[in-house]
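Here is how the chains run, residue by residue.
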Amino acid sequence: MVPRLGIQLQHRPTQDIPILLDSAKTGELRFERARWSLVPSWSKELKLKFATHNAKAEGILEKTTWRKPVQSHRAIIPAHGFFEWTGERGSKQPWFIHHPEGQLLGFAGLYSWWVDRTAAEDDPNRWKLTATILTSDAVETLEGIHDRNPVILPQHMWLHWMDPSIVGTQELVDEAVRAGVAEASTLTFDEVAPFRVSDNGPQLLEPLSH
């Protein structure tokens, strides 16, 4: 993923990413930094045995990990693109997928506050904000690159998606997926030069010339 905010151009699961949320307590929109891998509040450990950086939209409320966040802790993860890879291990080709005019994308996301119960109550690191990105079946134009893509919401749906006064249901998620299909279908994709997971910089986004 390539967030719009901050100087880091490439983010990996468990790193901090920017998210936009609507606070039920203050009624205000605010940007926060969250650990990209959601940890439910009931978990005893920050590091889970299964991956939670992405959440499949299909039947999402059937999973206890996602149920509460869907109901009341929904967020937008802003980015101006994301990476996917094709090919076999050792010769994978990265692709940068983005809006053709460079417009900001808003991924439908979920968040959860996790508390480290072993830390002192006055420890500023006791509470950790964590987040995930919803995914759905890839749209036809992206199927050749990956079988899934992020659920991308048009800007006019951001407030609706984040509204904490709306109890999230599968119908709300399905509505987001339908809107996301139209958004994802408009994206363009460029082959870019292979890079290491530790690399960052504008060169990661430069299309390969053929």
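Here is what the cut-offs are and how they apply
- Residues numbered from 1 in each chain as written.
- Predicted model: local features only at pLDDT ≥ 70, side-chain atom pairs only at ≥ 80, totals over all residues.
- Heavy atoms only, no water.
- Pairing = 2+ DSSP bridges.
- Helix = DSSP H or I, 4+ residues; strand = E, 2+ residues; numbered from the N terminus.
- Axes fitted to C-alpha atoms, helices over the stretch in contact; angles between N-to-C directions.
- Buried < 20%, exposed > 50% of the residue type's maximum accessible area, 1.4 Å probe, protein only.
- Contact = heavy atoms within 4.5 Å.
- Expected span 1.5 Å × (residues − 1).
- Phe/Tyr/Trp six-rings, centres within 6.5 Å; stacked < 30°, edge-to-face > 60°.
- Salt bridge = Lys/Arg side-chain N within 4 Å of Asp/Glu carboxyl O.

What should I look at first to understand the sheet that holds strand E10 (residues 188–191) in this one?
Within a sheet, neighbouring strands are paired by backbone hydrogen bonds and run either parallel or antiparallel to one another. Reading across the sheet, the three strands line up as E5-E6-E10 and stay open at both edges, with antiparallel pairing between neighbours. Of all strands in the sheet, those with a lone pairing partner are strand E5 (82–86) and E10, marking the two edges. Going across the sheet, the axis of each strand differs from the next one's by a mean of 30°, ignoring polarity. Relative to E10, strand E6 (residues 93–98) is paired through four bridges, and the arrangement is antiparallel. Across the sheet, residue Ile-97 finds its bridge partner in E10, namely Phe-189.

Sorry if this is basic, but what is going on with the side chain of Ser-37 here?
As for its placement among the helices and strands, Ser-37 is situated in the loop between strand E2 (29–36) and strand E3 (54–56). A residue is classified by how much of its surface remains accessible, and Ser-37, at 7% relative accessible area, is buried. Discounting residues that sit within four places of it in the chain, Ser-37 has contacts with Pro-13, Thr-14, Thr-52, His-53, Thr-130 and Ala-131.

It is not clear to me how helix H3 (residues 170–184) should be interpreted in this structure. Could you clarify?
A turn of α-helix holds 3.6 residues, and therefore any two residues three or four places apart point the same way. Between its first and last C-alpha, H3 extends 20 Å over 15 residues, near the 21 Å set by a 1.5 Å rise per residue. Within H3, the full set of buried residues consists of Gln-170, Leu-172, Val-173, Ala-176, Val-177, Ala-179, Gly-180 and Ala-184.

Just to check I follow, could you spell out the packing of aromatic side chains for this structure?
A ring pair, where both rings are aromatic, is described by two values, the distance of the centres and the angle of the planes. For the structure on display, the rule yields six aromatic pairs. When the centroid spacing of 6.2 Å and the interplanar angle of 45° are considered together, the rings of Phe-83 and Trp-85 count as tilted. Of the residues examined, Phe-83 reaches a relative accessible area of 6% and is grouped as buried.

Sorry, what's going on with the pattern of salt bridges here?
Note that side chains of opposite charge can pair when their charged atoms are close. Evaluated as defined, the whole model comprises five salt bridges. For Arg-30, the salt bridge goes to Glu-32, with nearest N and O atoms at 2.3 Å. Judged by relative accessible area, which is 28%, Arg-30 ranks as partly exposed. Classification of Glu-32 by relative accessible area gives partly exposed; the value is 24%. The salt bridge partner of Glu-58 is Arg-148, with a shortest N-O separation of 3.0 Å. With Glu-58 in the loop between E3 and helix H1 (64–72) and Arg-148 in strand E9 (residues 148–150), this residue pair connects regions lying 90 residues apart in the sequence.

Help me understand unusual backbone geometry, please; the structure alone is not making it clear to me.
Most peptide bonds are trans, and most residues other than glycine sit at a negative phi. In the Ramachandran plot, Thr-14 falls in the positive-phi region, its phi being about 80° despite a non-glycine side chain. Exposure remark for Thr-14: the relative accessible area of 44% places this residue in the partly exposed category.

What am I meant to see in the environment of Val-177 here?
Within the fold, Val-177 resides in helix H3. For Val-177, a relative accessible area of 18% translates into the label buried. Separated by 40 residues in sequence, Val-177 and Asp-137 have C-alpha atoms that sit 9.2 Å apart. Setting aside chain neighbours within four positions, we find Val-177 in contact with Ala-57, Ser-136 and Val-151.

Interpretation note: all reported values are geometric properties and have no functional meaning in isolation.
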